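# Results of the structural survey
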Amino acid sequence: MKRMVVLVAWALMTLIITACGGDGADSKDNNTVSLWVHTSDETPEGKAMQAIVDRFNKEYEGTYSADIEFIPRSESGGGYEDKINAALTTNSLPDVLTLDGPNTAAYAEAGMIAAIDEYITNKDDLLPSIIQQGTYDEKLYAVGFSESGVGIFYNKEMFEEAGVDLSTLPTVEEPWDWDQFMALNETLVTKYDKPAIDMGFNDQSEWLMYAFSPFLWSQGGNIVSEDGSTAEGVFNDENAVKTLTFIQTMIEKGYSTITPIEKGFHTEEYAMKLGGSWTIAEMEEYPDVAYGIMPYPTSPDTNELVSPSGSWQYAMSATTDKEEAAGALIDFMMSTESLTEMTLANSVLPAAYSVIEEVQGEVSDEMNILIEQNAASAHARPVLSQYPQISRIFQQTISDVTYYEENNDIQALLNEKVQQMENVLN
């Protein structure tokens, strides 16, 4: 992160000294906008983006046009990010670029992207989580073109065999709390004598932040203070202790496991799985498995439903001299028509209320449950310039707490992690 800030500062200093204005990558003239995206033109997402840009060029012919460049992102995050970093040092950033939601604060603080509030005409239509993840220092710097979410996938036949009445299961309007959820797990473990749910504890990645932070928010807790200045008294308060106690109990009682069998839910080894819209796509290869989706369980203290969210976004380069054209392109790509095209092509959750109405009849019942939950309860991850470091500490906290014998003093564990966060924040 420090390297990124240095590179950005150097690039902007060069820009000021040379007064070259930053005309972006591969620009043809003052009305042609360059757009870099993180995916391949062969993916459903890439094809949808190309179609949207083609429509923009047709509609704005004679006024604006856009050139799109596909720079696939590798699994390790290289490729796309490497080219972005290289462009910083040569003042060759595009006019418009895509970035992952958690990077908003770092890019904005470094002066890499510009505020775009004045260019987005449908902000009231966008989901609160989209605005939340794209806002830094009370300004909108980026807009997500899709959403994501997670739910509790369950095997209908295994539930019924265990005596669970499917008609009594929770809904988005009436979710279960942690105690009810653990009672369900106890029923399944008693019936099958093995873990009831794969929660992805073995995934030592952003998943642990993405999927488990909603439990803390449901409890009324947080990771850092609202102004992002401290974790002391926040990530080690009573709410955090209660949340991690619930998570630890899931392992201690054998309801979940830190060593799940690969595709255990898909092959009916486990009755449940914590999974997202991508899991729906995976289940198409297992047509014999009848499944449904339940919403996140809530804290019994608040009964507030909170679910994870996050998406890739469009943003405007701070060095572009084509603000009006770039703003018009982003606004066009965030229209109901464009967002609907992206949602249906890429099997992702909608980013706007109008898109929900457009796609409800076009997607599966299971996808509609995730869409409904997302619209009602999605919560963006912290918008912090130090997000990568804070996320890693949170991930390690979740991983550590699952080793309940070594970490049975949750308060002590949290105090240790808070000190690590403080070292990053201050």
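The rules behind each value
Residues numbered from 1 in each chain as written. Predicted model: local features only at pLDDT ≥ 70, side-chain atom pairs only at ≥ 80, totals over all residues. Heavy atoms only, no water. Pairing = 2+ DSSP bridges. Helix = DSSP H or I, 4+ residues; strand = E, 2+ residues; numbered from the N terminus. Buried < 20%, exposed > 50% of the residue type's maximum accessible area, 1.4 Å probe, protein only. Contact = heavy atoms within 4.5 Å. Salt bridge = Lys/Arg side-chain N within 4 Å of Asp/Glu carboxyl O. Patch = residues over 30% accessible without salt bridge, like charges linked within 9 Å, V, L, I, M, F, W, Y side chains within 5 Å. Areas by Shrake-Rupley, 256 points an atom, 1.4 Å probe, with all protein chains shown as cover. Lys, Arg positive; Asp, Glu negative; His and termini not counted. Charge placed at Lys NZ, Arg CZ, Asp CG, Glu CD. Axes fitted to C-alpha atoms, helices over the stretch in contact; angles between N-to-C directions. Parallel < 35°, antiparallel > 145°, perpendicular 65-115°, else oblique. Left-handed = near helix turned anticlockwise from the far one by under 90°. Core = buried A, V, L, I, M, F, W, Y, C linked by side-chain atoms within 4.5 Å. Polar contact = N/O pair within 3.5 Å; in protein donor to acceptor, adjacent residues only side chain to side chain. Phe/Tyr/Trp six-rings, centres within 6.5 Å; stacked < 30°, edge-to-face > 60°. Lys NZ or Arg CZ within 6 Å of the ring centre and 35° of its normal.

## Observations concerning the sheet that holds strand β10 (residues 272–276)
Strand order across the open sheet formed by four strands is β9-β10-β8-β11, with mixed pairing between neighbours. On the outer flanks of this sheet lie β9 (197–198) and β11 (291–294), each paired with one strand and no other. Here β9 runs beside β10; their pairing, made up of two bridges, is parallel. Opposite I197, over in β10, you have M272 as the bridge partner.

## Details of the side chain of Q133
Secondary-structure assignment places Q133 in helix α5 (residues 128–134). According to the relative accessible area criterion, Q133 is buried, its value standing at 4%. With near-sequence residues (within four places) excluded, Q133 lies in contact with G101, T104, G144, G310, S311, Q313, A380 and V383.

## With respect to helix α11 (residues 323–333)
Taken across its eleven residues, α11 has nine buried, putting it largely inside the fold. For α11, the set of buried residues is A325, A326, G327, A328, L329, I330, D331, F332 and M333.

## Topic: the pattern of salt bridges
Following the criterion strictly, the structure yields eleven salt bridges and no others. The shortest N-O distance in the salt bridge between K83 and E69 comes to 2.7 Å. With K83 in helix α3 (residues 80–90) and E69 in strand β2 (residues 65–70), this residue pair connects regions lying 14 residues apart in the sequence. For K83, a relative accessible area of 31% corresponds to the partly exposed category. The salt bridge partner of K242 is E238, with a shortest N-O separation of 3.5 Å. With a gap of four residues between them, K242 and E238 both fall in helix α9 (residues 238–252), about one helical turn apart. Since its relative accessible area comes to 55%, E238 is described here as exposed. Among the charged side chains, a network of salt bridges with common partners joins R55, E337 and E341.

## A short note on a negative patch on the surface
Taken together, the side chains of E157, E160, E161, D165, E268 and D288 define an acidic patch exposed on the protein surface. By the secondary structure assignment, E157 is in helix α6 (residues 156–161).

## Observations regarding the packing of helix α2 (residues 44–59) against α11
Look at α2 against α11: their axes get within 10 Å of each other, and the N-to-C directions meet at 125 degrees. Classed by the angle they form, the pair α2 and α11 counts as oblique. Seen along the crossing, α2 lies across α11 with a hand that is right-handed. Across the interface between the two elements, I52, R55, F56 and E59 of α2 pack against A325, A328, L329, F332 and M333 of α11.

## Concerning the nonpolar core
Membership of the largest hydrophobic core comes to 68 residues, with the highest contact counts inside it found for I113, V143, Y314 and I330. If one sorts the elements of this core by residue count, α11 sits on top with seven residues. Residues V172, A196, L216 and L414 belong to the second largest nonpolar core, which totals 61 residues.

## Details of the side chain of T32
Within the fold, T32 resides in strand β1 (residues 32–37). Judged by its relative accessible area of 4%, T32 falls in the buried class. A polar side-chain atom of T32 sits 3.0 Å from a polar atom in the side chain of S65.

## Structural notes on the packing of aromatic side chains
Taken as a whole and assessed by the stated rule, the structure comprises 19 aromatic pairs. Summarising the aromatic geometry, the rings of W207 and W278 are spaced 6.2 Å apart at their centres and angled 80 degrees between planes, so their arrangement reads as edge-to-face. Placement of W207 in helix α8 (residues 207–219) and of W278 in helix α10 (residues 277–283) is noted, with a sequence separation of 71 residues between them. With a relative accessible area of 11%, W207 lands in the buried category. Note on W278: relative accessible area 37%, which makes it partly exposed. Ring plane angle 35 degrees and centroid distance 5.2 Å describe the contact between F215 and Y296, whose orientation is recorded as tilted. Residue F215 is found in helix α8, and its partner Y296 is found in the loop between β11 and β12 (307–308); the two are separated by 81 residues along the sequence. Every member of this aromatic cluster is reached through a ring pair, and the members are W178, F201, F212, F215, F246 and Y296. Directly above the ring of W36 sits K83, whose terminal nitrogen or CZ lies 4.9 Å from the centroid.

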